[in-house]
Every structure is written in structure tokens, then in C-alpha cells.
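Residues per chain are reported as follows:
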Protein chains: 2
Amino acid sequence: MMKEKPFLLLSNDDGFAAKGIQELIKVLRPMADLMVVAPSGPRSGASGSITSEHPLRCKKIESAPGFSLYSCTGTPVDCVKLALHDLVPRTPDMVIGGINHGDNSSVNVHYSGTMGVVIEGCLKKIPSVGFSLCNHAEDADFTPTFPYIQRIVEEVLQHGLPVGTCLNVNFPDVKDLKGVRICRQTDGVWTNEFVKSVHPRGGNYYWLTGSYRNDEPEAQDTDHWALDHGYVAITPTQIDVTAYTLMEQLNHWNWQL
Amino acid sequence: MMKEKPFLLLSNDDGFAAKGIQELIKVLRPMADLMVVAPSGPRSGASGSITSEHPLRCKKIESAPGFSLYSCTGTPVDCVKLALHDLVPRTPDMVIGGINHGDNSSVNVHYSGTMGVVIEGCLKKIPSVGFSLCNHAEDADFTPTFPYIQRIVEEVLQHGLPVGTCLNVNFPDVKDLKGVRICRQTDGVWTNEFVKSVHPRGGNYYWLTGSYRNDEPEAQDTDHWALDHGYVAITPTQIDVTAYTLMEQLNHWNWQL
């Protein structure tokens, strides 16, 4: 009997038409059945946001045996929720976000719509992985990432991931990738985050921008170090954000009213 | 010499006009100088999202000695970023989110715009705390939370918080709070997340909703247990989301291409 193909749910934050997700589809289609439920347009920086003030709409764009693609008016997380609630024929074997146009390592994990997708998959207890390339360009070259993406998906399908954990995979924008490094999240800060201009009718307006500062450039176990040195950075990520080390300390503060 | 009053930056995700933040202002104004930079309207479920596709605008609504209030077109995180970049006279002693109309315990931390505020403050290495009441109503009664909020802010001002950690404080919606419990994040899942309806011109539309399922109702060290039993739940939270326990394991997978 032929083994059933794995079934993967894909989304992103750059929108269904972005090159990154279209390339991801090409890479994964030979090895799996795919359902793509992605935002109708760019949702960069959407983080884990959800839409509660407006209704969502969702449109089937493409459909073929073992493949379907939907465009959804909501956020990346909305896409995953809606797919799991109403569109999938069965629980996906994996939820995959990306390939993102831009770096989601270090503190960027907190702003990333791609990682929003992945964390949502993880919250639903499905093995989930996000792929991001450190290049924001619309026509970025994703080719060098393909063999790594295939391997990472194969490995996750084979081993699974412990419930509550997922993977944040970032690729440096280089042709010759040096291999994989398992990393921790780099400590860094965004600075100079706005450009201020004067509105034609008076008052200011602001564009969000900024420079990233790595606060531990020497630490070789970080995702940012790996990327700076040409490695694929795999940062295992968890959804339990409790600061356990702080619990004991807080129990000694004065809470008695 | 008179000691300088602490300086607190406040924001939320329900908008500057919401009762929750207006009540928070009342509670904190006697003990600190305040700058409030909050969204112009509701941004519930904004998580850590940022606005990169549109410019932001920001308007001063109110100003008095030791007090100012701005309305901002962006997300909760945008508000904190903009305040720190362009509005504050000095680095705030604390960043405070809330009081949120609704529960931000358990997995809700990942969707919460209030916790977006707090995590952003934390990413900027400022002691940060989020306050949320388990009641979504616009006219919810926040009064029972006031003495606890004062005490928690006093304690954080006195002790500080380790860099990279912040507090997620949730209040049950009861008159007689039983005291404080230091908790961990509950493992739970949202289910039945959409109501589907038919659009007047055909096709479906979806409203996000859902039921929360606690996956460890017996665990007495969780924030959800504390809330269920009438306690103020303080969940220390961290911005490093690395799944350290998974790193060793992943190093044994087959990454060789």
C-alpha cells in the first residue's frame, strides 16, 4: 500500500502572491499535499495579532489534486485559525510559515507575522516551523534555501516536535550556506525606530524603521551569530513564556495589603 | 531635597478613551508623573504587531503638570516605540499596559495587545507590567484592582525587574480579591474559533470568537487556577522564547546535506 503523503498547511505574512510563499510551494509540492491559506496582501509585522473588530473573508484562488490556495482578508494567525476551523480536510501534519522576506531571528520573533503563523500552529499542538530569508527584496533569491527546507521538513515529519515547541529557521542571504546551527535567540535592541516628517496640512507623521543592535555580538551560540557567519540558524522556540527563574524571587516581595 | 516622582509610560490596546486606562490613570496619578500614549481606538488582539505599511500620526489630547495624554493611529507596540523615540522627556521608570478589558492569562499572552505594550517595554530594557481584568464589558468595575495595582507598581519601582523579564498581572472579576499568587502560564487551547455566516451578496464571512479549554485544570501553580479561585495572578514573563530543552535533541538530528 502506498504511504499517504504528508499534509502541510502553509501561510505567511507577505501575502499569498509573495515570491517567498510561491517558492515554498514549489519546494514542498513534490513531497506533500499542501493547503495554503495566506493573507490577501502584505501583513509584515503582524506578530500574533488576530482580527476581532471586523469579519473575515476567504476566497479559493487555486485548486488541484493535493493542492489548494486560499486568500484571506485577516492576519497570518487568522489564516491558520480559519484553515484549521473550516478548510482543512484533516489535521495537518505540520504548519509552515514563510518563506519570509526578511530576518526573523533575535527579538524579531516578537514582531514577526511568519512566527505568528508558527506559534499559532504550535498553540494548536501541531509541529510548526517558520522559514525566513535575511533579504527584504520582493525578488530575493530563495534558491539556496531549498535543500535545507526539504531536509528540515523531512526531519520534523520524522521526529515530530515536543508539544509547545516549534522552530524558527532563518537563512542568511548568501549563495553558499555553510550548514545548520542550532541556536538560541540573540539579545538585541531596535534603535532609531522612526523617521519623522511634516504633513502637508501640518503636524507630524512617522514611518517605522530602525537599526538593529546586537547586544552580544561575541556569543557564538546565538541565531544572529550563525546568520552573520553564513549558517542556517535553527532557533527552537516555545510558547510557554513564563520566566520561571523569577518566580521564587517574586514570592519574597511584599504582597500583603 | 524632594525625591523626584517616578515617571511611568502607559498604553493599552482598548484605546485611550477606554475605561480601563482612564481608571489606571486615576490610580497612578497621585504616585507618579504619567505619559499616556495609547491607540486612537480599539486594537484588541493586536499582539506585538507593528505598522510598517502606513505612516503613523499622533495627537496630544491632554496636558497638565506631570501628565500628558496622546492618541496614536498605530498599534499598542507602535505607541510605546513612538513614545520612547520622540515623546518622553526621559527614559520612563516603568512601562505599564492596561487595565485591559479581558483576560490575558494563559495562551492569551500571545494575542494580547496589552502584553504587546509590556513586551515592547521589556525589549527596551525598562521594567514593564501589564494589568488585565477578566471582564470584557466596556463599563467593567475595576475598583477592586486599585490597591493591588498600587502595590505592584510600588514593588516593581522598589525592586526593579531583571532585564528581559516583565509581569503579566490578571485580576479575576470578583469584588473580594483573595491576595496575590505568583503563577506560571497555563497550558490551554482556544476551540470553535469562528462563527460563519452568509454574505448578502454570496460567499461566507467569519467572526472570530471561541471557547477556551484549560488543559491542566488541576494544576494549582497556573495563572488560570489562581483566577478561577479569586486570586490576583502574577505571571512573570520573559522575552527569550528559546526552547533550551530542545537544543541538545536537535543537535542529534540529521542536518548533513
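Values in this document were obtained by computation on a predicted structure and should not be read as measured data.

1. Points about the nonpolar core
Next up, step 1: Of all hydrophobic cores here, the largest spans 64 residues; its most connected members are Met35 and Val37 of chain A together with Met35 and Val37 of chain B.
Next up, step 2: The next biggest cluster of nonpolar side chains, apart from the first, holds 44 residues, and it includes Val27, Ala32 and Val153 of chain A together with Trp255 of chain B.

2. Notes on the pairing of strand E6 (residues 128-133) of chain B
Residues and elements named next belong to chain B.
Next up, step 1: Among the six residues in E6, six count as buried, and that is most of the element.
Next up, step 2: Of the two faces of E6, the one lined by Ser128, Gly130 and Ser132 and the one lined by Val129, Phe131 and Leu133 are each fully buried.
Next up, step 3: Taken together, the five bridges between strand E5 (residues 94-101) and E6 define a ladder with parallel strand orientation. Directly across from Val95, in E6, lies its bridge partner Ser128.
Next up, step 4: In the classification by handedness, the crossover that spans E5, the intervening helix H3 (residues 113-123) and the parallel E6 is right-handed.

3. What to know about the interface of chain A and chain B
Next up, step 1: Contact residues are listed per partner, giving 86 residues for chain A and 86 residues for chain B.
Next up, step 2: Scanning the region where chain A abuts chain B turns up ten salt bridges.
Next up, step 3: Across the pair Asp187 of chain A and Lys125 of chain B runs a salt bridge, and its minimum N-O distance is 3.4 Å.
Next up, step 4: Scanning the region where chain A abuts chain B turns up 46 residue pairs in polar contact (both at pLDDT 80 or more).
Next up, step 5: In terms of residue class, the side of chain A that touches chain B is made up of 43 nonpolar, 27 polar and 16 charged.

4. Here we look at the packing of aromatic side chains
Next up, step 1: The tally for this structure, following the rule as stated, stands at ten aromatic pairs over all chains.
Next up, step 2: Note on Phe131 of chain B and Phe171 of chain B: the rings are 6.2 Å apart at their centroids and 25° apart in plane angle, and the pair reads as stacked. You can see Phe131 of chain B sitting in strand E6 and its partner Phe171 of chain B sitting in strand E7 (residues 165-171), a full 40 residues away along the chain. Residues Phe131 of chain B and Phe171 of chain B agree in their burial class; the two are buried.
Next up, step 3: Between Phe194 of chain B and Tyr206 of chain B, the ring centres sit 5.9 Å apart and the planes meet at 80°, which makes this aromatic pair edge-to-face. Of this pair, Phe194 of chain B sits in strand E10 (residues 194-198) while Tyr206 of chain B is found in strand E11 (residues 204-208), placing the two residues twelve residues apart along the sequence. Across this residue pair, the class does not change: Phe194 of chain B and Tyr206 of chain B are buried.
Next up, step 4: Above the plane of the ring of Tyr231 of chain A lies Arg181 of chain A, whose end atom (NZ or CZ) is 5.3 Å from the centre.

5. Describing the UniProt feature "domain: Survival protein SurE-like phosphatase/nucleotidase" (unreviewed entry) in chain A
Next up, step 1: UniProt feature "domain: Survival protein SurE-like phosphatase/nucleotidase" (unreviewed entry): in the numbering of this structure it lies at residues 9-191 of chain A.
Next up, step 2: Taken as a whole, residues 9-191 of chain A contains 26% helix and 28% strand, while its terminal C-alpha atoms sit 35 Å from one another.

6. Looking at the UniProt feature "binding site: a divalent metal cation" (unreviewed entry) in chain A
Residues and elements named next belong to chain A.
Next up, step 1: In the UniProt entry, the feature "binding site: a divalent metal cation" (unreviewed entry) is given for Asp13, Asp14, Ser44 and Asn100. Spatially, the listed residues are clustered: although they cover 88 residues, their C-alpha atoms lie within 9.1 Å of one another.
Next up, step 2: Excluding its chain neighbours within four sequence positions, the residues that come into contact with Asp14 are Gly41, Pro42, Ser44, Ile99, Asn100 and His101.
Next up, step 3: A polar side-chain atom of Asp14 sits 3.1 Å from the main-chain amide nitrogen of His101.
Next up, step 4: For Asn100, the position within the fold is in strand E5 (residues 94-101).
Next up, step 5: If we ignore the near neighbours within four places in the chain, the residues touching Asn100 are Asp13, Asp14, Thr114, Phe131, Ser132, Leu133 and Phe142.

7. Some words on the relation of the copies chain A and chain B
Next up, step 1: When chain A is fitted to chain B, the best match, at an RMSD of 0.0 Å, comes from turning it 180° and sliding it 0.0 Å along the axis. These values place the two chain copies in the arrangement generated by a two-fold rotation axis.
Next up, step 2: A share of 100% of the interface residues of chain A reappears at the interface of chain B, consistent with the copies meeting face to face through the same patch.

8. A word on the packing of helix H1 (residues 19-28) of chain A against helix H4 (residues 146-159) of chain A
All names here are of chain A.
Next up, step 1: Across the interface, H1 lies against H4 with an axial gap of 10 Å and an inter-helix angle of 60°. Looking at the two axes, H1 sits oblique to H4. Considering only the axes of H1 and H4, their crossing is right-handed. Where H1 approaches H4, its residues Glu23, Leu24, Val27 and Leu28 are matched on the opposing element by Phe146, Ile149, Gln150 and Val153.
Next up, step 2: Grouping the constituent residues of the contact of H1 with H4 by class yields six nonpolar, one polar and one charged.

9. Some remarks on the pattern of salt bridges
Next up, step 1: Taken as a whole, this structure holds 30 salt bridges over all chains when the rule is applied.
Next up, step 2: With a shortest N-O distance of 3.0 Å, Lys81 of chain A and Glu120 of chain A are connected by a salt bridge. Linking Lys81 of chain A in helix H2 (residues 76-87) with Glu120 of chain A in helix H3 (residues 113-123), this pair joins segments that are 39 residues apart in sequence. In terms of burial, Lys81 of chain A and Glu120 of chain A fall into one category: buried.
Next up, step 3: One salt-bridge network, in which partners are shared between bridges, spans Lys81, Glu120 and Lys124 of chain A together with Glu193 of chain B.

10. Some remarks on the side chain of Arg184 of chain B
Next up, step 1: Take Arg184 of chain B: it is sitting in the loop between strand E8 (180-182) and strand E9 (188-191).
Next up, step 2: Within the structure, the side chain of Arg184 of chain B is placed 2.8 Å from the side chain of Glu216 of chain B, a separation counted as a polar contact.
Next up, step 3: Those residues in contact with Arg184 of chain B that sit more than four places away from it in its chain are Thr242, Tyr244 and Met247 of chain A together with Glu216, Ala219, Asp221, Thr222, Asp223 and Thr235 of chain B.

11. Side note on the sheet that holds strand E1 (residues 7-11) of chain B
Residues and elements named next belong to chain B.
Next up, step 1: Spatial ordering of the open sheet is given by E3-E4-E2-E1-E5-E6-E7-E13-E8, a layout of nine strands whose pairing is mixed. Each edge of the sheet is formed by a strand with only one pairing partner; in this case those strands are strand E3 (58-64) and E8. Pairwise comparison of adjacent strand axes, ignoring direction, gives a mean angle of 20° for this sheet.
Next up, step 2: Pairing between E3 and strand E4 (residues 67-72): six bridges, direction antiparallel. In the sheet register, Ser63 faces E4, and the bridge partner there is Ser68.
Next up, step 3: In this fold helix H2 (residues 76-87) packs onto E1, strand E2 (33-39), E3, E4 and E5, with an angle of close to 135° to the strand it touches most, E2.

Basis of the calculations
- Residue indices follow the written sequence of each chain, beginning from 1 at its first position.
- Following the order in which they are written, the chains are lettered starting with A and the ligands numbered starting with 1.
- The predicted nature of this model means local features are confined to residues of pLDDT at least 70 and side-chain atom pairs, given and counted, to a pLDDT of 80 or more, with totals for whole chains, interfaces and linings taken over all residues.
- Computation of side-chain values covers all heavy atoms of the structure but excludes hydrogens and water.
- Here the nonpolar core consists of buried residues drawn from Ala, Val, Leu, Ile, Met, Phe, Trp, Tyr and Cys, with membership extended through side-chain atoms lying within 4.5 Å.
- Relative accessibility thresholds used throughout: buried, under 20% of the residue-type maximum; exposed, over 50%; partly exposed, between the two (1.4 Å probe, protein chains only).
- Secondary structure elements are taken from DSSP: a helix is a run of H or I of four residues or more, a strand is a run of E of two residues or more, and numbering for both begins at the N terminus.
- Paired strands, as defined in this entry, are two strands with at least two bridges between them according to DSSP.
- We call a crossover right-handed when, viewed with the strands running away from us, the connection from the first strand over the helix to the second turns clockwise.
- What makes two residues a contact is simply this: any of their non-hydrogen atoms within 4.5 Å.
- One side-chain nitrogen of Lys or Arg within 4 Å of one carboxyl oxygen of Asp or Glu is enough to make a salt bridge.
- Residues adjacent in sequence count toward polar contacts only when both atoms are side-chain atoms; beyond that, a polar contact is any pair of N or O atoms within 3.5 Å, and within protein one must be able to donate a hydrogen and the other to accept it.
- Ten residues, namely Ala, Val, Leu, Ile, Met, Phe, Trp, Tyr, Cys and Pro, are considered nonpolar, four, namely Asp, Glu, Lys and Arg, are considered charged, and the remaining ones, Gly among them, are considered polar.
- Each Phe, Tyr or Trp ring (for Trp, its six-membered ring) is paired with any other whose centre lies within 6.5 Å, and the angle between the two planes then decides the class: stacked below 30 degrees, edge-to-face above 60, tilted in between.
- Placement of a charge over a ring requires the Lys NZ or Arg CZ to be within 6 Å of the ring centre, with the centre-to-atom vector within 35 degrees of the ring normal.
- UniProt positions are given in the numbering used here, feature names are shortened, and annotations may be inferred rather than shown by experiment.
- For this overlay, a least-squares fit was computed on C-alpha atoms, restricted to residues scoring pLDDT of at least 70 in both copies.
- Throughout, an axis means a line fitted to C-alpha atoms (over the contacting stretch in the case of helices), and angles, computed between N-to-C directions, take values from 0 to 180 degrees.
- Just so you know how the angles are binned, under 35 degrees is roughly parallel, over 145 roughly antiparallel, 65 to 115 roughly perpendicular, and the rest oblique.
- Helix crossings are classified by the rotation of the near helix relative to the far one: an anticlockwise turn of less than a right angle makes the crossing left-handed, while a clockwise turn makes it right-handed.

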